[in-house]
Amino acid sequence: MQIIGASYLFLCDREFSILKNAGLLFDTRILAIGDYEVLRQTYLDAKANFYEYSVILPTFANPHIHFEFSANKMSFAYGGFDRWLDSVMARRDEVLADSTQAIKESIKEQIRSGVGMVGAISSYGDDLELLAKSPLKVNYFNEIIGSNPSAIDFLYNHFLKRLDDSMQYKSSRFKPGIAIHSPYSVHYVLAKKLLNLARDSNLPTSVHFLESELEREWLEKESGWFKQFYQERLGVDNPRALYSINEFLELFSGLNTLFVHTLAAKNDEWKKMCEGGKIVTCPRSNRLLNNRLLDIEAVGLDNLVIATDGKSSNVNLNYLDELQMMLFSYANYDCAVFAKDILAMATRQGALALGFNSGVLKEGMSADFSIFKLGSILYDGQEALQFLLHAREAEAVYIDGINVLG
Ligand code: MCF
Ligand code: FE
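None of these values were measured; they are calculated from a predicted model.

Undergrad: Describe the coordination of the iron ion (ligand 2), with residues and values.
TA: Put simply, the ideal angle at a metal is 109.5 degrees for four donors in tetrahedral geometry and 90 or 180 degrees for six donors in octahedral geometry. Coordination of the iron ion (ligand 2) by the protein comes from His64 (NE2), His66 (NE2), His208 (NE2) and Asp309 (OD), over a distance range of 2.1 to 2.5 Å. Sequence spacing of the donors to the iron ion (ligand 2): H-x1-H-x141-H-x100-D. Of this pair, histidine 64 sits in strand β5 (residues 60-65) while histidine 208 is found in strand β9 (residues 205-209), placing the two residues 144 residues apart along the sequence. By the burial criterion, histidine 64 is buried, and histidine 208 matches it.

Undergrad: Tell me about the site of ligand 1, residues and numbers included.
TA: Around ligand 1, 17 residues are found, and the nearest of them are His66, Glu143, His208, Glu211 and Asp309. Histidine 208 has a polar side-chain atom sitting 3.0 Å from an oxygen atom of ligand 1. Histidine 261 places a polar side-chain atom, nitrogen or oxygen, 3.1 Å from an oxygen atom of ligand 1. In the complex, the protein chains occlude 97% of the 470 Å² of accessible area that ligand 1 would expose alone. Of all the elements, helix α2 (residues 81-96) adds the most residues to the shell around ligand 1, at 4 residues.

Undergrad: How would you sum up the domain arrangement of the chain? Please name residues and give values.
TA: For the chain, the domain assignment lists domain 1 (2-59 + 358-403) and domain 2 (60-354). Between domain 1 and domain 2, the C-alpha centre-to-centre distance is 31 Å. Across the boundary between the two partners, domain 1 contributes 28 residues, which contact 31 residues of domain 2. For the pairing of domain 1 and domain 2, the buried interface totals around 2,300 Å² over both sides, and the portion due to carbon and sulfur atoms is 65%. Summed over the three residues of domain 1 that lose the most area to domain 2, namely Leu388, Arg392 and Ile399, the buried surface amounts to 27% of that side. Where domain 1 touches domain 2, the interface holds 4 salt bridges. Close ionic contact of aspartate 400 with lysine 137 constitutes a salt bridge, the shortest N to O distance being 2.9 Å. Taken together, the links from domain 1 to domain 2 amount to 12 residue pairs in polar contact (both at pLDDT 80 or more). Contributions of two or more residues to the side of domain 1 that touches domain 2 are made by β4 (47-58), β13 (369-373), α15 (383-390) and β14 (396-399). Among the elements that make up the side of domain 1 that touches domain 2, the one with the highest residue count is α15 (5 residues). Across the side of domain 1 that touches domain 2, the residue classes tally to 16 nonpolar, 6 polar and 6 charged.

Scoring rules and cut-offs
- Residues numbered from 1 in each chain as written.
- Chains lettered and ligands numbered in written order.
- Predicted model: local features only at pLDDT ≥ 70, side-chain atom pairs only at ≥ 80, totals over all residues.
- Heavy atoms only, no water.
- Donors = N, O, S within 2.8 Å, 3.2 Å for Na, K, Ca; no water.
- Helix = DSSP H or I, 4+ residues; strand = E, 2+ residues; numbered from the N terminus.
- Buried < 20%, exposed > 50% of the residue type's maximum accessible area, 1.4 Å probe, protein only.
- Near = heavy atom within 4 Å.
- Polar contact = N/O pair within 3.5 Å; in protein donor to acceptor, adjacent residues only side chain to side chain.
- Areas by Shrake-Rupley, 256 points an atom, 1.4 Å probe, with all protein chains shown as cover.
- Domains from an automatic or database assignment.
- Contact = heavy atoms within 4.5 Å.
- Buried area = accessible area lost by both parts, 1.4 Å probe.
- Salt bridge = Lys/Arg side-chain N within 4 Å of Asp/Glu carboxyl O.
- Nonpolar A, V, L, I, M, F, W, Y, C, P; charged D, E, K, R; others polar.

Okay, here's the thing in structure tokens:
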């Protein structure tokens with residue numbers, strides 16, 4: 001049992017309450033929250049530490065990240081989804097070879113930027129052990145990809161083997177799950193089987209969906225760039241879309257799914273996705289691959305969570321940089337108010353989306369919190385904004401009550 005206090009505690013509850021000169025009493029869970037001096041006087045045996053001019057807040061959730069692509073720097077083309085996918089097809093192998101060191105670095109980058117929970121999309125299983133043995137809390141989404149009907153059995157069996165491997169590590173901190181890559185790349189027999197498995201076994205699910213207008217055109221009209229992609233890249237003579245948009249969405253009914261990107265979706269489609277799931281937005285990835293950002297007003301801030309995506313579509317995996325991008329991009333919101341919304345998405349909403357008892361500083365929650373030394377008092381009433389502008393690297397990150405940066 002110990003006490004840690006700071007000049008500011010951002011509870012990240014619904015009201016975005018901030019306590020000044022306050023502290024947490026915790027073991028693996030938060031046992032009490034209140035005035036630091038009062039806690040100290042009450043629990044005289046507990047070791048106590050106070051961080052002046054600092055902020056304590058719940059650890060962040062980064063719900064969509066591809067660790068296996070961590071070695072990418074400048075190998076992929078940006079400025080259009082077509083160019084990007086072409087470049088990934090051409091250079092994927094060299095980027096993926098020997099990724100261990102880069103994955104380790106990315107895990108550290110998460111923690112240094114205050115992330116305690118991730119939704120990791122694993123395409124190959126190369127990140128399994130590294131993530132399972134890391135201090136991060138993980139939704140480990142084994143990804144299925146493949147549209148060739150003659151490969152279905154092979155892909156399905158290979159997938160089950162990977163899922164099984166990840167099940168070996170299942171714990172309260174590590175949850176195996178299933179990612180359907182996208183409606184343009186996964187055969188419906190595979191998608192249907194695996195989503196039924198997710199339903200029966202209560203596994204978390206994730207999908208890249210309506211990331212580009214090209215994807216929408218393909219699903220609706222079976223024409224455009226994806227037609228050419230199927231013909232020329234994959235050698236399919238008369239390619240057909242595997243689903244309509246609604247048929248694809250129907251497969252996810254009753255599941256709590258993370259729908260990633262959804263840039264080209266429409267109001268009724270977002271509504272359907274949010275019946276059971278959440279929308280994940282990756283602002284820097286969207287800017288680079290699709291030259292646009294999500295219409296967050298139409299989605300509704302309560303339905304949203306924020307992620308970095310992988311180094312395959314980003315300049316780094318620093319979660320604070322992603323939050324700043326969000327803050328600077330959506331200029332029609334009042335910056336001080338929007339900063340609180342962003343922190344709510346990054347903490348409470350993100351933890352809820354990943355199914356962890358975390359993301360809010362509250363008695364009974366896991367003792368998952370970060371400490372950032374800012375070196376000054378924060379302008380009254382604009383604390384969240386000042387934090388997003390100036391917090392760069394965590395001083396300490398506690399996960400289940402243990403400082404994993406120590
Ligand atoms: O989220 C971005 C863009 N959309 C789709 N896929 C990926 C992203 N970053 C990495 N990927 C992976 C994906 O998981 O790239 C491959 C898949 O394995 C693309 S399909 C050849
Ligand atoms: Fe992605």
